Amino acid sequence: MKEFKILAVVAFFTLVTYWGVEPFAHSQMHKHVESNNFSYDGKADIEEASKAIEVAKNITDANKKAKVLDAANKKLADKKAFWAEVSQVSKLKGNAAAGEASFAACMACHNGSGANMGGVIPPKLDNAGSLYDKNYLIALIKDPAMASNVDHKYDNTMMHPMGTVKTMITAPQQIADVVEFIKTKKVVKLTPQVAFEDACGRCHANRYGNLTQLGTTPKFKTEQEALTHRVKVLDEQDKIKAYMGKLPPDLSIIDRARSANFMETFIQDPQSQLPGTSMPRVGLSKDGYAMVQAYLEKTGDPSKEARHALGPWVIVFFIIFTMLAYLWKKSQWKDLH
Amino acid sequence: MAHFDEKAKPFSNQWMNDRLAVDTVKKVLSTEYWIPKNINFLWAMGMILAATFGLLIVSGIFLVMYYQPDTKTAFDSVNYTIMTEVGYGWLWRHIHGVAASVVFLIIYIHMFTGIYYGSYKKGREMIWLTGMLLFVLFSAEAFSGYMLPWGQMSYWAGMVITNLFGGFTKDFLGGIGNIQALVEWIRGDYVPGQAFLSRFFMLHVFLLPLVIMGVIVLHFAALRIPHVNNQDGEEVDFEKSARLYKEGNKKESEVIPFNPVFLSKDIFVMGIYFVLFFYLVFYHFEFAMDPVNFDPADGLKTPAHIYPEWYFLWSYEILRPFPFNVGLVAFGFAQVAFFLLPFLDRSPNVAPANRRGLFGIWFWLMLIDMIVLTIMGKLPPEGVWNVIGFVAALTFIILFILLPFITKTEKKA
Ligand code: HEM
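Just so it is clear, the model here is predicted, and its values are computed rather than measured. (Residues numbered from 1 in each chain as written. Chains lettered and ligands numbered in written order. Predicted model: local features only at pLDDT ≥ 70, side-chain atom pairs only at ≥ 80, totals over all residues. Heavy atoms only, no water.)

Draft legend 1. Just the overall build of chain B, in detail. A count of helical and extended segments in chain B gives 16 helices and two strands. Against the globule reference of 22 Å for 413 residues, chain B gives a C-alpha radius of gyration of 24 Å, in line with a compact fold. With the principal axes as the frame, chain B shows a C-alpha extent of 70 × 60 × 45 Å. When each of the 413 residues of chain B is scored for burial, the buried share is 54%. Within chain B, contacts between residues at least 6 apart in sequence are counted, and of these 76% link residues at least 24 apart. Accessible surface, chain B as shown: approximately 18900 Å² in total, 69% of it carbon and sulfur. When the 30 basic and 32 acidic side-chain charges of chain B are each reduced to a single mean position, those positions are 8 Å apart. (Helix = DSSP H or I, 4+ residues; strand = E, 2+ residues; numbered from the N terminus. Rg over C-alpha atoms; globule rule 2.2 N^0.38 Å. Buried < 20%, exposed > 50% of the residue type's maximum accessible area, 1.4 Å probe, protein only. Contact = heavy atoms within 4.5 Å. Areas by Shrake-Rupley, 256 points an atom, 1.4 Å probe, with all protein chains shown as cover. Lys, Arg positive; Asp, Glu negative; His and termini not counted. Charge placed at Lys NZ, Arg CZ, Asp CG, Glu CD.)

Draft legend 2. How the structure looks around the domain arrangement of chain B. Residues and elements named next belong to chain B. With domains assigned, chain B is organised as domain 1 (35-295) and domain 2 (307-413). Taking only C-alpha atoms into account, the centre of domain 1 sits 21 Å from that of domain 2. Facing 39 residues of domain 1, the contacting portion of domain 2 comprises 37 residues. Approximately 3400 Å² of surface area, both sides summed, lies buried where domain 1 meets domain 2, with 69% of it carried by carbon and sulfur atoms. On the surface where domain 1 and domain 2 come into contact, there are two salt bridges. With a closest N to O distance of 2.7 Å, arginine 355 and aspartate 232 form a salt bridge. Remark: the boundary between domain 1 and domain 2 carries 15 residue pairs in polar contact (both at pLDDT 80 or more). Secondary structure elements with two or more residues in the side of domain 1 that touches domain 2: helix H5 (89-117) and helix H6 (125-147). Split into classes, the residues belonging to the side of domain 1 that touches domain 2 amount to 25 nonpolar, eight polar and six charged. (Domains from an automatic or database assignment. Buried area = accessible area lost by both parts, 1.4 Å probe. Salt bridge = Lys/Arg side-chain N within 4 Å of Asp/Glu carboxyl O. Polar contact = N/O pair within 3.5 Å; in protein donor to acceptor, adjacent residues only side chain to side chain. Nonpolar A, V, L, I, M, F, W, Y, C, P; charged D, E, K, R; others polar.)

Draft legend 3. Spotlight on the nonpolar core. Within the largest apolar cluster, 138 residues are counted, with the highest numbers of intra-cluster contacts made by B:Ile115, B:Phe277, B:Phe278, B:Trp314, B:Phe338, B:Trp362 and B:Phe396. Take this core: its biggest share by element is 17 residues, from H5(B). Setting aside anything within four residues of it in sequence, one finds B:Phe278 in contact with A:Val314, A:Ile315, A:Phe318 and B:Ile95. Core analysis: the next-biggest nonpolar cluster, separate from the first, contains 48 residues, A:Phe38, A:Ala147, A:Val178 and A:Ile267 among them. (Core = buried A, V, L, I, M, F, W, Y, C linked by side-chain atoms within 4.5 Å.)

Draft legend 4. A look at the site of the ligand. Residues and elements named next belong to chain B. Inspection of the region around the ligand gives 22 residues, with Trp43, His110, Gly131, His219 and Asn229 positioned closest. In this structure, histidine 219 approaches the ligand through a side-chain N or O atom, which is 2.8 Å from a nitrogen atom. For the shell around the ligand, the secondary structure elements donating two or more residues are helix H3 (45-64), H5, H6 and helix H9 (194-224). Ranked by the residues each element gives to the shell around the ligand, the list is headed by H6, at seven residues. Grouping the amino acids of the shell around the ligand by side-chain chemistry returns 15 nonpolar, six polar and one charged. (Near = heavy atom within 4 Å.)

Draft legend 5. Representation of the coordination of the iron atom of the ligand within the structure. All names here are of chain B. The iron atom of the ligand binds to the protein through His110 (NE2) and His219 (NE2), with metal-donor distances spanning 2.0 to 2.1 Å. Relative to the metal, the six donor atoms surrounding the iron atom of the ligand lie at angles of 82 to 178°, and the coordination shape comes out octahedral. Separated by 109 residues along the polypeptide, histidine 110 in helix H5 and histidine 219 in helix H9 bring together distant segments of the chain. Classification of histidine 219 as buried rests on a relative accessible area of 10%. (Donors = N, O, S within 2.8 Å, 3.2 Å for Na, K, Ca; no water. Tetrahedral: all angles 85-135°; square planar, octahedral: opposite > 155°, others 65-115°.)

Draft legend 6. Structural detail: the pattern of salt bridges. Residues and elements named next belong to chain A. Counting across every chain of the model gives 23 salt bridges over all chains. Across the pair aspartate 78 and lysine 74 runs a salt bridge whose closest N-O atoms are separated by 3.1 Å. Within this pair, aspartate 78 and its partner lysine 74 are both found in helix H3 (residues 62-91), separated by four residues, close to a single helical turn. For lysine 74, a relative accessible area of 52% gives the class exposed.

Draft legend 7. Focus on the UniProt feature "domain: Cytochrome c" (unreviewed entry) in chain A. Under the present numbering, the feature "domain: Cytochrome c" (unreviewed entry) in UniProt falls on residues 94-186 of chain A. Taken end to end, residues 94-186 of chain A comprises 51% helix and 0% strand; its first and last C-alpha atoms sit 15 Å apart. (UniProt positions renumbered as here; feature names shortened; annotations may be inferred.)

Draft legend 8. Highlighting the interface of chain B and chain A. Listed per partner, the contact involves 60 residues of chain B and 49 residues of chain A. In this assembly, chain B packs against chain A so that about 5200 Å² is buried in total across both faces, 73% of it on carbon and sulfur atoms. The largest contributions to the chain B side of the interface with chain A come from B:Phe41, B:Phe268 and B:Phe282, which together make up 11% of the buried area. Summed over the shared surface of chain B and chain A, the result is five salt bridges. Here B:Lys378 ties to A:Glu22 by a salt bridge, and the two come within 3.4 Å at their closest N and O atoms. Taken together, chain B and chain A are joined by 14 residue pairs in polar contact (both at pLDDT 80 or more). Counting residues per element, the side of chain B that touches chain A draws most heavily on helix H11 (residues 258-283) of chain B, which supplies 15 residues. The residue inventory of the side of chain B that touches chain A, partitioned by class, reads 43 nonpolar, 10 polar and seven charged.

Draft legend 9. Layout of H3(A). With 30 residues, H3(A) should reach 44 Å at 1.5 Å per residue; the first-to-last C-alpha distance of 44 Å fits that figure. For H3(A), the elements touching its buried residues are helix H2 (43-57), helix H6 (134-142), helix H7 (144-147) and helix H9 (172-185) of chain A. (Expected span 1.5 Å × (residues − 1).)

Draft legend 10. Fine view of the UniProt feature "domain: Cytochrome b/b6 N-terminal region profile" (unreviewed entry) in chain B. Mapped onto this structure's residue numbering, the UniProt feature "domain: Cytochrome b/b6 N-terminal region profile" (unreviewed entry) falls at residues 12-232 of chain B. With 69% helix and 1% strand, residues 12-232 of chain B has end C-alpha atoms that lie 44 Å from one another.

Draft legend 11. A look at the environment of B:Leu373. All names here are of chain B. Within the secondary structure layout, leucine 373 lies in helix H15 (residues 358-378). Sequence spacing of leucine 373 and tryptophan 314 is 59 residues, and the spatial spacing of their C-alpha atoms is 4.7 Å. Other than its neighbours up to four places away in sequence, leucine 373 contacts Leu313, Trp314, Glu317, Ile318, Gly389, Ala392, Ala393 and Phe396.

Here is the structure:
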């Protein structure tokens, strides 16, 4: 029938336009980064270091080129050696009981006092076993700056606020033991908010979740108390700014502002999406990320449940409406032709 | 003084007729407003536009009760207050956002229907011109609305588009066409800020909707005398057909009354439209709300890609591939070209484009060209995209220049 043919033409041009301005345009505007499935083996870090060598080769000034190339080659060698060692430690069988003693060293900083240390408040480790990946924890204890892929910020990675851990826990077996302890004893049933606070909360606020870098903002009785608290938050933010070079953005509605692929790959390796950024890798496990993501969805897209509850009813209503309208139309047009 | 029936009961039919001529009005606007029978569902697009405009008004009224036109609170009043604290606020917001995007799809279908069937000429010029006026007003309405959430894209699109009012660059003819002062006058400041947001709020919720309503009435009035066109561009003898219809010879008559016969079909098409529309509202609203606009406005951080909403992309792409001053002229041309359509088409025929020889080719080329422009307008202006965009922009201009010549050669059918 003619009307169907016209409908097909309209639908065709509409869909081509939609495809062009949505899926196709977005695929061209944003580079697609492959997720490493929350396993941390240094693959991306080594690739980035290799790319830096290629870039260095294109420098025209011979003097500068030699210097930069040298540094880039050394970086690549360091990265390869580092992640190879991590993989070695990963093969060792850890002893949780032995690890508990070494873990005391961690508590020197991760003591829950809420004191800023070198730029941020060290996160609580009560849930670290559920939140972080095993390989990543090994890497982190070996060298925090290398593990989180921000070593480019330091001449000496000892300067990282957690850098001294390198001198406290040194033997491969010792590392394996602490990690075994964390992976078996520091496990809880994570909730989305706790996952977010532990993994991201020391840097990022979430005002729709009523969170600042100092945690949940309590209700205050007087304006004075509220202002005093506000000043504390501002002081903390200043320290983070000094450490990171800028204040990390509030993540209230980041769920709507970034694609799922961006978020997932960015957390695993911020450098892959924003080369040179100061945000460190957060070595979340798959489950840990799912919890963080659930929290971001809750604050960023709070109406999801209500939408799915109401949607079918509205659509069924209009289907019935359309059927009745069709019957009315048929009766009105029956003796016209 | 006209004749009054003294005995008529207040508000009875007779009483109302004596005062408001309700029966006559009903006849003129509804039961004896004759529509050709030979039409397809594309003639329902006008009523769908009216209905979508209705949805925009109703959802907009609910939104404006909670929206705060203040650069400090605007973003959160939309993204937090309306989305979480207001009952069904999310529903009103998604209806408003999806309707604002879909209304343009329907406008384009409605326009291209008019172009395809030649409904813009031979007595229907005023319908077309008031329609184009509605297009411009809707564009302004959509643009001003886009400023309100005060996200990154609000701010930067506001910056880029208002910059266009500065005219030519300073080095062009000694700066004669450079009117930076106009840009600042429009913004009320050197850059978009509080003054800018307040005035676009006023435009969006007051002045533009008011003017749009007036022009919709004008558009409908412009339709009443020439009547709508039909699928074959035939000249219908409305008086004869109306007589036949009223005598009961509905089969022989070429017309139907607007109410209830034409309306029954409109409402059926509207039903299908609403099913699709609410599917989008509940399950696929993201296309109508750009992710970049969920980052709060930041005048110090330019987004990696700045692009307008999809319905402005074709004209944006006519601006972009040229050097700035040339592009501005091309852009100006694109804004007025469609207004001129009834006068550029020199053919005496009102018929579907496919039966009009060269004009048929012109029509499909124009449609495809605008889709190509739309897609290129969103892609980053690099390499091959730039070339395709440039060719498509030139094609658009050349097609309009050619129009009088190719329609002139058309023989009277
Ligand atoms: C956005 C608000 C608009 C509304 C509410 C609206 C409404 C209508 C309605 C109800 C009709 C009669 C039924 C039909 O043919 O669909 C109509 C006809 C028409 N409109 Fe619009 N319209 C709008 C915009 C436009 C625009 C942007 C144009 C193009 C410039 C346009 C051009 C026309 C033409 C040429 C006709 C006559 C169609 C014919 O004779 O077959 N309208 N409009």
